[in-house]
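Tertiary structure, described
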Amino acid sequence: MKRTLTSLSVLALSAAPAFAVEKTDVVATYIDIAQATYGDALTTAQTLDAAVADLIANPSQDTLEAARSAWLAARVPYQQSEVFRFGNPVVDDWEGKVNAWPLDEGLIDYVDASYGGATDENSFAALNVIATPTFTLSGTEVDATDITPDLIANTLQEADGVEANVASGYHAIEFLLWGQDLNGTDAGAGDRPYTDYATGADCTNGNCDRRGDYLQAATDLLVFDLEYMVAQWEDDGEAAVTLSDDPDAAITAMLTGMGSLSYGEQAGERMRLGLMLNDPEEEHDCFSDNTYNSHYYDGKGVQNVYLGSYTRVDGTEVSGPSLEDLLAETDAQTAEDLATAIDDTMVALGEMKTAAENGMAYDQMLAAGNAEGEAYITAGIEGLIAQTRVIERAVASLGAQDVMIEGSDSLDNPDAVFE
Amino acid sequence: MTRFSCLFSLALTASLTLVPLGARADVVSDTVKSYVLPRLDRVVASAAALDDAATKDCRPDSESLRVAFDQAYLDWVAVQHLNFGPVQKDNRYFAMVFWPDARNAVNRALRPLIGEANPIVNDPMAFRQSSVAGRGLSALELLLFGDEYPASDYTCALTRAITEDVEQTVREIRAGWTDYALTMIERGAENATYKSDAEVYRQFLTALDAGLEVDADLRLGRPLGTFDAPKPARAEAWRAGLSLPALSVSIASLRDLATSLSGGALDEDTRTEFDRVEAALDSVQDSPDLSLVADPAGRFRVEVLQQTIQTLRRVAAADVGDKLGVKAGFNSLDGD
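Scoring rules and cut-offs
Residues numbered from 1 in each chain as written. Chains lettered and ligands numbered in written order. Predicted model: local features only at pLDDT ≥ 70, side-chain atom pairs only at ≥ 80, totals over all residues. Helix = DSSP H or I, 4+ residues; strand = E, 2+ residues; numbered from the N terminus. Rg over C-alpha atoms; globule rule 2.2 N^0.38 Å. Buried ≥ 20, exposed ≤ 12 C-beta atoms within 10 Å, placed from the backbone. Contact = placed C-beta atoms within 7 Å. Pairing = 2+ DSSP bridges. UniProt positions renumbered as here; feature names shortened; annotations may be inferred. Axes fitted to C-alpha atoms, helices over the stretch in contact; angles between N-to-C directions. Parallel < 35°, antiparallel > 145°, perpendicular 65-115°, else oblique. Left-handed = near helix turned anticlockwise from the far one by under 90°. Nonpolar A, V, L, I, M, F, W, Y, C, P; charged D, E, K, R; others polar. Core = buried A, V, L, I, M, F, W, Y, C linked by C-beta atoms within 7 Å. Domains from an automatic or database assignment. pLDDT = per-residue confidence, 0-100. Arc of directions from axis to C-beta.

We now examine the overall build of chain A. Across its full length, chain A holds 14 helices and four strands. In terms of overall size, chain A behaves like a compact globule, its C-alpha atoms giving a radius of gyration of 23 Å where 419 residues would be expected to give roughly 22 Å. The buried share among the 419 residues of chain A stands at 54%. Intrachain contacts of chain A at a sequence separation of at least 6 include 73% that bridge at least 24 residues.

Structure (structure tokens):
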């Protein structure tokens, strides 16, 4: 065929790039990246699970630090997976188990007096399950003498129908490793002593055995939940099959996830609202002060999907035909604009990350009157909003149907992005 | 009166001369001049009265302060659904009333202020930069009607800081509407915000639709919770006993908006549904804080009320939308 090109096919070739990008290939790359990202989230969570077991068996400052490091490492791939939310119902229905936020941590363990007690929203905001083996929940007596993954997942999580009753997932584990950050908008993260897991007379703050049981059960549960999600992205898993069966709907899912994570979730709920409230609790990883990394790797996940490339935790790269390639065929300008917009966001989030690594934690950036900190956060928000506008144009250029980008009522003009 | 007042009463006077009264007698012009602006003027007046009352007597049990609070709160509710234009600048919407408050943000703002007796309350400009949750009517409600913060010299100063800030916020909103009224009335190809009649119609229709959605899904849906776990403490402003009055004021104001958008008279179907909602409202008058949601029989009445509002929402959006030739757009509750 190559030697016998007709004039017509020459014309066709000159009008389109030499190597046509197939939607099915772009979708296959997306599934490959999801597989790899959730796979990395699982292996890093397994490492965390082992580190937690070590902390509980041999409580010391070293084993506590090792568990904290493992948690921080586990966040890197997980945050990059958040771009698979919103567009994929399998992920959306499951996500709250592993990354629900914000939480009323007093449900789980002891808190400082400044935390307060029950609230209008949540009668169980200060329940303290670790200190309370039996209690009544919505009229039913609960036996929590054994703290198990089942108890956490099926009784405590969203207890009494309240979303802030987050009993499972990364943030519950984060609270049990770091404790409350009582420094407000000043320097410093949570400072839970390792002796909270000590045995006998060394135990601090009471119920160390139950605290250890909770931490181990919650971490086991995280591994279990991630195993489930990895299976959904195997070639015969529900998420992968749904996308492969309908490449047009898959493109819609990709754009929906990119836009909704950028706009309503990250720019709105996780960043803008915190600035409005100047509240140090309004940071995604509020116990560990790891929020800058969470924001950075959320942004990175959007870039991964667009460019069709993910760098695994072991340094290998998973890549293939990308959404950018597909868009460039129909609208080269928008394809370039979107790459630039995402780049700009990553520069802004990178500057926030650098500032945090140099000592200005995210909760300090939220302080009323910290103009420099506010500028870092605002630059990130503006970058995310700007890239959402370009995603909207990409939706139009690709003719993608039914893309609904999640909003946030904290954003000044929630309807602007739909115009 | 506050230090901001002079500037903004000037702007207010100017607005009357800037809007070309009667220049274009149409639905938009009528709605802006006869519906929006008078209600905004009313909030400005009641916010000023609230600040005056706090200046005279800042004690939480002051009857005049409490009456002024109720009036300002309800006058704000009457315009709250006009959540576009000047209201969206500088977080003003959230700085007036911070509800729903799923994250307990109001208490999280008040607790450190009061705990540290933060002197920020003596500096209006600095106070304006603090958490939106701590400087509006929701925060004031906790000071006046809650039991968590005992009255002190500090809570008195905080009360006055809030009333001054609220007055400033509504004056800014009203001042912003001076230009914004023209932006809506003078829509067209040259107008950067509203390029056609349809765009302005859609804005108002969305406000009507979203207002009814807030009434059904938030004002009633949040306290209803589930049958097994009703949540009376999630009702709006329940400590002040304003949950039901706020709903009634909202419905009445939305009825006026629908009437104005319909050219002065509602379609029969929409009128019937508004009448049904008002009758259902009468059936729960004995529970201004909506605490009856916790009682099975009372709960049933609230569910009926919620359903009538949901029906009204469908009928009104269709009727008024047909009349204007547009459909309601997205609002910030979408995606929740």
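The next subject is the overall build of chain B. Counting secondary structure elements, chain B contains 12 helices and zero strands. Mapped from its N terminus to its C terminus, chain B presents α and β elements in the order α-α-α-α-α-α-α-α-α-α-α-α. Its C-alpha radius of gyration of 20 Å places chain B within 12% of the 20 Å reference for a compact globule of 336 residues. Referenced to the eigenvectors of the C-alpha coordinate spread, the extents of chain B come out at roughly 55 × 55 × 35 Å. Per-residue burial over chain B gives 51% buried out of 336 residues.

This part covers the pairing of strand S1 (residues 134–137) of chain A. Residues and elements named next belong to chain A. The sheet contact formed by S1 and strand S2 (residues 140–143) spans four bridges and is antiparallel. Across the sheet, Thr136 pairs through a bridge with Glu141, a residue of S2. Where S1 folds back onto S2 in an antiparallel hairpin, the turn is made up of two residues, including Ser138, whose phi is positive at roughly 45°.

The UniProt entry lists residues 34–390 of chain A under the feature "domain: Imelysin-like" (unreviewed entry), expressed in the numbering used here. Secondary structure over residues 34–390 of chain A splits into 60% helix and 4% strand, and the C-alpha atoms at its two ends are 23 Å apart.

What follows deals with the packing of helix H9 (residues 247–277) of chain A against helix H14 (residues 371–398) of chain A. Residues and elements named next belong to chain A. Running from N to C, H9 and H14 cross one another at 155°; their axes reach a closest spacing of 9 Å. In terms of orientation, H9 lies roughly antiparallel with respect to H14. As for how H9 packs across H14, the hand of that crossing is left-handed. Contact residues: H9 offers Ile251, Leu255, Met258, Gly259, Ser262, Tyr263, Gln266, Ala267, Met271, Arg272 and Leu275, while H14 offers Glu374, Ile377, Gly380, Ile381, Leu384, Ile385, Gln387, Thr388, Ile391, Ala394, Val395 and Leu398. Counted by class, the contact of H9 with H14 contains 15 nonpolar, six polar and two charged residues.

Of all hydrophobic cores here, the largest spans 224 residues; its most connected members are Tyr30 and Ala218 of chain A together with Leu205 and Leu208 of chain B. In terms of residue count, the dominant contributor to this core is helix H2 (residues 23–57) of chain A (17 residues). A domain-level breakdown of this core finds at least three residues from each of domain 1 (23–183) and domain 2 (197–324) of chain B.

Here the residue pair Trp101 of chain A and Pro102 of chain A is connected by a cis peptide bond, since its omega of -5° sits within 30 degrees of zero. For Pro102 of chain A, the position within the fold is in the loop between helix H4 (89–99) and S1. The step from Trp99 of chain B to Pro100 of chain B runs through a cis peptide bond, and the omega angle for that step is 0°. Within the fold, Pro100 of chain B resides in the loop between helix H4 (92–96) and helix H5 (105–115). The residue Asn207 of chain A is not glycine, and still its phi comes out positive at about 55°.

Per-chain confidence: chain B averages 90 in pLDDT, with 90% of residues scoring 70 or above. Overall, residues 1–24 of chain B carries pLDDT values under 50, and its contacts beyond four positions in sequence, including any with other chains, amount to 21 contacts.

Moving on, we get to helix H8 (residues 238–245) of chain A. All names here are of chain A. Burial in H8 covers these residues: Ala239, Ala240 and Leu243. Buried residues along H8 cover an arc of 95° about the axis, so they all sit on one side. Residues of H8 that are buried sit in contact with H2, H4, helix H7 (208–233) and H9.

The axes of two packed helices give the description: the angle between them and the distance between them. Residues and elements named next belong to chain B. Running from N to C, helix H3 (residues 63–77) and helix H7 (residues 137–145) point in directions that differ by 155°, and their axes come no closer than 11 Å. Considering their axes alone, H3 and H7 lie roughly antiparallel with respect to each other. Here H3 and H7 pass one another in a crossing that is left-handed. Taking contact as the criterion, the partners of Leu65, Arg66, Phe69, Ala72, Tyr73 and Trp76 in H3 are, on H7, Leu137, Leu140 and Leu144. Partitioned by chemical class, the residues of the contact of H3 with H7 number eight nonpolar, no polar and one charged.

Before going further, it helps to examine the environment of Glu324 of chain A. Residue and element names in this part refer to chain A. Position of Glu324 relative to the elements: it lies in helix H11 (residues 323–330). Taking the C-alpha atoms as reference points, Glu324 and Leu307, 17 residues apart in sequence, are found 5.8 Å from one another. Once you skip the residues sitting within four places of it in the chain, Glu324 turns out to touch Tyr306, Leu307, Gly308, Ala335 and Ala339.

Residues and elements named next belong to chain B. We note that the domain assignment places domain 1 (23–183) and domain 2 (197–324) within chain B. Tallying the contact residues gives 21 residues for domain 1 and 25 residues for domain 2. Secondary structure elements with two or more residues in the side of domain 1 that touches domain 2: helix H2 (27–56), H3 and H7. Ranked by residues supplied to the side of domain 1 that touches domain 2, first place goes to H2 with six residues. A class-by-class count of the residues in the side of domain 1 that touches domain 2 yields 13 nonpolar, five polar and three charged.

Once that is clear, we can look at the confidence of the model for chain A. Residue and element names in this part refer to chain A. Per-chain confidence: chain A averages 91 in pLDDT, with 93% of residues scoring 70 or above. This stretch, residues 1–17, has a pLDDT under 50; its non-local contacts, to residues over four places away or in other chains, come to four contacts. Considering only residues more than four positions removed or in separate chains, one finds that residues 412–419, a stretch of pLDDT under 50, has 14 contacts.

This part covers the environment of Ala126 of chain B. Mapped onto the elements of the fold, Ala126 of chain B is located in helix H6 (residues 124–127). Ala126 of chain B sits 69 residues away from Asp57 of chain B along the chain, and the two C-alpha atoms are 24 Å apart.

This next bit is on the environment of Asp363 of chain A. All names here are of chain A. Inspection of the secondary structure puts Asp363 in helix H13 (residues 362–365). Asp363 sits in the buried class, given 27 other C-beta atoms within 10 Å. For Asp363, the residues in contact, after removing those within four places along its chain, are Asp181, Thr185, Pro280, Glu283, Cys286 and Asp289.

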